[in-house]
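Below are the chains, spelled out letter by letter.
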Amino acid sequence: MVSNHLHLEEPIRMSSIIEPSKPNFFPAMTKIVGTLGPKSRSVEAISGCLRAGMSVARFDFSWGDAEYHQETLENLKAAVRSTKKLCAVMLDTGGPELQVVNKTEHPISLEEDAVIVLTPDQDKEATSNLLPINFRGLSKAVKTGDTIFIGQYLFTGNETTSVWLEVKEVKGEDVHCIIKNSATLAGSLYTLHVSQIHIELPTLTDKDKEVIRTWGARNSIDFISVSYTRHAEDLRHAREFLSKLDGLSQTQIFAKIENVEGMIHFDEILQEADGIILARGNLGIDLPPEKVFLFQKQAVHKCNMAGKPAVVTRVVDSMTDNLRPTRAEATDVANIVLDGSDAILLGAETLRGLYPVEAISIVGRICAEAEKVYNQDLYFRKAVKCVGQPMSHIESIASSAVRAAIKVKASVIICFTSSGRTARLIAKYRPTMPVLSVVIPRLKTDQLRWTFTGAFEARQSLIVRGLFPMLADARHPVETTNATNESILKVALDHGQASGIVKPHDRVVVCQKVGDASVVKIIELEN
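Model, not experiment: these values are computed from the prediction.

**Observations regarding the pairing of strand β6 (residues 115-119)**
- Here β6 lies mainly inside the structure; 4 of its 5 residues are buried.
- Here β6 runs beside strand β10 (residues 174-179); their pairing, made up of 4 bridges, is antiparallel. Note that in β10 the partner of Ile116 across the bridge is Cys177.
- Two strands pair when backbone bridges link them, and β6 and strand β7 (residues 130-132) are joined in this way by 3 bridges, in the parallel orientation. Within β7, the residue paired with Val117 across the bridge is Leu130.

Put into structure tokens, the structure is as follows:
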């Protein structure tokens, strides 16, 4: 069991807890992924989300068509221009998701102890006695006594629009179930989840591939979230597919762990993934309730030690309809930060919730408070121990930069990078101050045209805890001289001062390359 990363000065004045927090340029070190949808797709709404702290916009393709999402993306671009807030784009695939087909969209009332039939015949109308589904193989996958859950596309398992079913018998392609709780299925989309049962469907479906091939490639998306990742091979297949598409060779692939099958193969999946999303909605149904927290803590710890972003979902579900989270939800957000997560993903809270901007703002404020008591010293020692000796050159530089920044109480770490790797490694050691990643563009050619890289690397750091990017002037080549290094550093420091990150007489740690050598230096700012 991973020890709690909590650090409190003793003794603490209880009255100090309610003192207002000082405003910061960055709302929190922990990043927030917001799902854009009906309640958050206008330019005005997205601008509010960006100002509140959203750094990654998620486009959920389990619903909505490409045209709808393209309109939303164009609004996001307009909001980025107006707010001058950089934002990355994540495409979330539908995956092998089983759904109830309710063409009329009328509410369906289900009574406890009644029998209901799940049928693959989608021409039939959904009623209180029969539910058409989009999968013909369910009857072969389940047996008497198995548990099936049906609810809105994002569910907690305890709302009145969710229902538990127990398989009574299988007749041909139909599955007869006993309803375990009374509920009303309301809304336009219901997801069907079979607990701890392997579903014979590809993880990256033909529909997913078409969306990636068209919408994804056209928009050069930053991240792809592979829903229902169950094996490392799922990610290898996705990466091979992306490598054949123009514009997606740099796209990072995040494995979305949603069931026990993915949990069992977690270590192999982590090796292949660029990052991990713990989808607690489905996991909370597939796992016994008392096991969810244990998997979450261990999974986040493994991601931390591997230096790969860990993203956790389903935190303030009640804010879909309410202006404030519950006490349990607020504490949950704080514990996610203390566990070491890089980012928190908001789904229904921003997609169809009544208060998307407030949800992002409140989650950000909770994260910022939790970060103040995060035991960085304990974490740093564990991270160094996990890496072992001898360290690689780049790992040694990254850890040394963080150690130096902590010792001299630096206000910021500035890292010059072209690939983003060094900056991510610095962030891996969880410094208590922000890491300003100055991305220096590379000039590339395909024999037909010249292009600069750097935008991908900058946006992809927006999901890493504590890492904040800025693009260097494209006229500065990656093979910089001392003169250009000083010029870029001055721009970075001016940006830091203008945004309030650094002040006169602050100390700043700089990590950069000078010739073939990597250098960590400490500078003290003058007036």
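**Thoughts on the environment of Asp92**
- The residue Asp92 is located in strand β3 (residues 88-92) in this model.
- A residue is classified by how much of its surface remains accessible, and Asp92, at 0% relative accessible area, is buried.
- Through-space distance from the C-alpha of Asp92 to that of Ser225 is 4.6 Å; in sequence the pair is 133 residues apart.
- A polar contact of 2.8 Å, which involves the side chain of Asp92, links it to the side chain of Ser227.

**Points about helix α10 (residues 327-339)**
- Between its first and last C-alpha atoms α10 spans 18 Å; for 13 residues at 1.5 Å apiece the expected length is 18 Å, and the two agree.
- Here α10 has its buried residues at Glu329, Val333, Ala334, Ile336, Val337, Leu338 and Asp339.
- Buried positions along α10 lie against α8 (280-286), α9 (289-306), β16 (310-313), β17 (343-346) and α12 (356-372).
- Just past α10, the residue Gly340 takes up positive phi, approximately 110°.

**Things to note about helix α4 (residues 206-218)**
- Taking 1.5 Å of rise per residue, 13 residues should cover 18 Å, and α4 covers 18 Å from first to last C-alpha, within 8% of that figure.
- Most pronounced at Ile212, the bend in α4 amounts to some 35°.
- Among the residues making up α4, those that are buried are Asp208, Lys209, Val211, Ile212, Trp215, Gly216 and Ala217.
- In the stretch just after α4, Ser220 is the one whose phi turns positive, near 45°.

**With respect to the pairing of β17**
- With burial as the criterion, each face of β17 is covered, one bearing Ala343 and Leu345 and the other bearing Ile344 and Leu346.
- Two elements, β16 and β17, share 3 bridges in a ladder whose sense is parallel. When the bridges of β17 are listed, Val311 appears paired with Ala343.
- What joins β16 to β17 is α10, and the crossover it makes is right-handed.

**Brief notes about the packing of aromatic side chains**
- This structure, assessed with the given rule, holds 8 aromatic pairs.
- Consider the rings of Phe149 and Trp164, whose centres lie 4.8 Å apart with planes at 65°: the pair is edge-to-face. One end of the pair, Phe149, is in strand β8 (residues 147-152); the other, Trp164, is in strand β9 (residues 163-171), and 15 residues separate them in sequence.
- Among the aromatic side chains, those forming a connected cluster through ring pairs are Phe59, Phe61 and Trp215.
- The side chain of Arg41 reaches across the aromatic face of Tyr68, ending 3.8 Å from its centre.
- Residue placement shows Lys209 over the ring face of Phe241; its charged tip is 5.8 Å from the ring centre.

**Focus: the pattern of salt bridges**
- Enumeration according to the criterion identifies 26 salt bridges in this entry.
- Taking the shortest distance from any N to any O, the salt bridge between Arg236 and Glu233 comes out at 3.0 Å. Here Glu233 and Arg236 lie together in helix α5 (residues 232-243), a separation of 3 residues that amounts to about one turn.
- The shortest N-O distance in the salt bridge between Arg507 and Glu524 comes to 3.6 Å. Here Glu524 lies in strand β24 (residues 517-524) and Arg507 lies in strand β23 (residues 507-514), a separation of 17 residues in the sequence.
- Here Arg507 falls in the partly exposed class, since its relative accessible area comes to 37%.
- Salt bridges here are not isolated pairs; linked through shared partners, they connect Arg58, Asp60, Asp92 and Lys256.

**What about the side chain of Thr35?**
- You can see Thr35 is positioned in strand β1 (residues 31-35).
- Since its relative accessible area comes to 0%, Thr35 is described here as buried.
- Beyond its immediate sequence surroundings of up to four residues, Thr35 is in contact with Ser40, Arg58, Asp60, Leu345, Leu346, Gly347, Thr350 and Leu351.

The rules behind the values
Residues numbered from 1 in each chain as written. Predicted model: local features only at pLDDT ≥ 70, side-chain atom pairs only at ≥ 80, totals over all residues. Heavy atoms only, no water. Buried < 20%, exposed > 50% of the residue type's maximum accessible area, 1.4 Å probe, protein only. Helix = DSSP H or I, 4+ residues; strand = E, 2+ residues; numbered from the N terminus. Pairing = 2+ DSSP bridges. Polar contact = N/O pair within 3.5 Å; in protein donor to acceptor, adjacent residues only side chain to side chain. Expected span 1.5 Å × (residues − 1). Contact = heavy atoms within 4.5 Å. Bend = angle between axes of the 7 residues up to and from the residue. Right-handed = clockwise from strand over helix to strand, strands pointing away. Phe/Tyr/Trp six-rings, centres within 6.5 Å; stacked < 30°, edge-to-face > 60°. Lys NZ or Arg CZ within 6 Å of the ring centre and 35° of its normal. Salt bridge = Lys/Arg side-chain N within 4 Å of Asp/Glu carboxyl O.

Function cannot be read off these values alone, since they describe shape.
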